[in-house]
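Understanding the architecture of this molecule
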Amino acid sequence: MTLSRSTLCVAALVMALSACHKVSLDEKSGAASSASAAAGATSAMPGSPVSSTQVGSDPLKDPSSPLAKRSLYFDLDSYSVKPEARDILAAHAKYLLADPKRRLLIQGNTDERGTTEYNLALGERRSEAVAQTLKTMGVPDSQLEAVSLGKEKPLVDGHDEQAWSQNRRADLVYEAR
């Protein structure tokens, strides 16, 4: 993927600002804006201690674990990671940092509207936005892979906003051990 100089500058700005506080990027204007941290986010911050009971049982298999949430949803024509998704991503970052051999595939998806080319590009931007958020939380590139599925793998069949809103997503898929 070839990145323009302005895209690289914006990415560098986002990474620099995220070191100080949470940042969301409005892709239409290119402006960075602060997002307040949710209460209790420190307990899911990367680098916080992991107890032996957490390591011994796999929280990926626990339906009550925040790691059970593996789909992040997007607005129409958007690849901005929503503030409510950041807590979910923080839990996944903590999990990945506790197990450096674990790898995560991020699959960007779109709804059925738009051309195949447009949807593949949008799906790629969505998966890359999620990967970038995880990287700012300390997860190394070596544990992440971002791909686009475009409109090829809808979660919900249908031709209305309810179905489309479920199909505009990024799925987090852990590789089998």
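Residues numbered from 1 in each chain as written. Predicted model: local features only at pLDDT ≥ 70, side-chain atom pairs only at ≥ 80, totals over all residues. Heavy atoms only, no water.

Notes on the sheet that holds strand 5 (residues 144-150)
- One open sheet accounts for 4 strands, arranged 3-6-4-5; its pairing is mixed. Of all strands in the sheet, those with a lone pairing partner are strand 3 (71-73) and strand 5, marking the two edges. Averaged over all pairs of adjacent strands, the angle between their axes in this sheet comes to 20 degrees, without regard to strand direction.
- Each of strand 3, strand 4 (104-109), strand 5 and strand 6 (169-174) touches helix 4 (residues 116-136); the most contacted strand, strand 5, lies at about 155 degrees to it. (Pairing = 2+ DSSP bridges. Helix = DSSP H or I, 4+ residues; strand = E, 2+ residues; numbered from the N terminus. Axes fitted to C-alpha atoms, helices over the stretch in contact; angles between N-to-C directions. Contact = heavy atoms within 4.5 Å.)

Re the packing of helix 3 (residues 83-98) against helix 4
- Relative to each other, helix 3 and helix 4 sit at 60 degrees, their axes nearing to 9 Å. Here helix 3 lies oblique to helix 4, going by the angle between them. The hand of the helix 3/helix 4 crossing is right-handed. Listed contacts from helix 4 to Arg86, Leu89, His92 and Ala93 of helix 3 are Val130, Thr133 and Leu134.
- Considering only residue class, the contact of helix 3 with helix 4 consists of 4 nonpolar, 2 polar and 1 charged. (Parallel < 35°, antiparallel > 145°, perpendicular 65-115°, else oblique. Left-handed = near helix turned anticlockwise from the far one by under 90°. Nonpolar A, V, L, I, M, F, W, Y, C, P; charged D, E, K, R; others polar.)

Focus: the pattern of salt bridges
- Following the criterion strictly, the structure yields 10 salt bridges and no others.
- In this structure, Asp58 and Arg102 form a salt bridge, with 3.5 Å as the shortest nitrogen-oxygen distance. Of this pair, Asp58 sits in the loop between helix 2 (52-56) and strand 3 while Arg102 is found in the loop between helix 3 and strand 4, placing the two residues 44 residues apart along the sequence.
- On the basis of relative accessible area, Asp58 is assigned to the partly exposed category, the value being 26%.
- Assessed through its relative accessible area of 6%, Arg102 is described here as buried.
- It is possible to trace a salt-bridge network through shared partners that takes in Asp111, Arg113, Glu161 and Arg168. (Salt bridge = Lys/Arg side-chain N within 4 Å of Asp/Glu carboxyl O. Buried < 20%, exposed > 50% of the residue type's maximum accessible area, 1.4 Å probe, protein only.)

Examining helix 4
- Taking 1.5 Å as the rise per residue, helix 4 with 21 residues should run 30 Å; its terminal C-alpha atoms sit 30 Å apart, in good agreement.
- Those residues of helix 4 that sit buried are Asn119, Leu122, Gly123, Arg126, Ser127, Ala129, Val130, Ala131, Thr133 and Leu134.
- The elements touched by buried residues of helix 4 are strand 3, helix 3, strand 4, strand 5 and strand 6.
- Downstream of helix 4 by a residue or two, Gly138 has a phi angle that is positive, lying close to 105 degrees. (Expected span 1.5 Å × (residues − 1).)

Side note on the confidence of the model for the protein chain
- When pLDDT is averaged along the protein chain, the result is 79; 68% of the residues meet or exceed 70.
- For the stretch residues 1-46, pLDDT sits under 50, and the model shows 47 contacts to residues farther than four places along the chain or on other chains.
- In this model, residues 51-55 is a region of pLDDT below 50 whose contacts with residues beyond four sequence positions or in other chains number 4 contacts. (pLDDT = per-residue confidence, 0-100.)

Here's the deal with the nonpolar core
- Counting 26 residues, the largest nonpolar core has Leu89, Leu104, Ile106, Val130, Leu134 and Leu144 as its most contacted members.
- For this core, the elements supplying multiple residues, two or more each, are helix 3, strand 4, helix 4, strand 5 and strand 6.
- Residues in contact with Leu89, not counting those within four places in the same chain, are Leu72, Val81, Val130, Thr133, Leu134, Met137 and Leu172. (Core = buried A, V, L, I, M, F, W, Y, C linked by side-chain atoms within 4.5 Å.)

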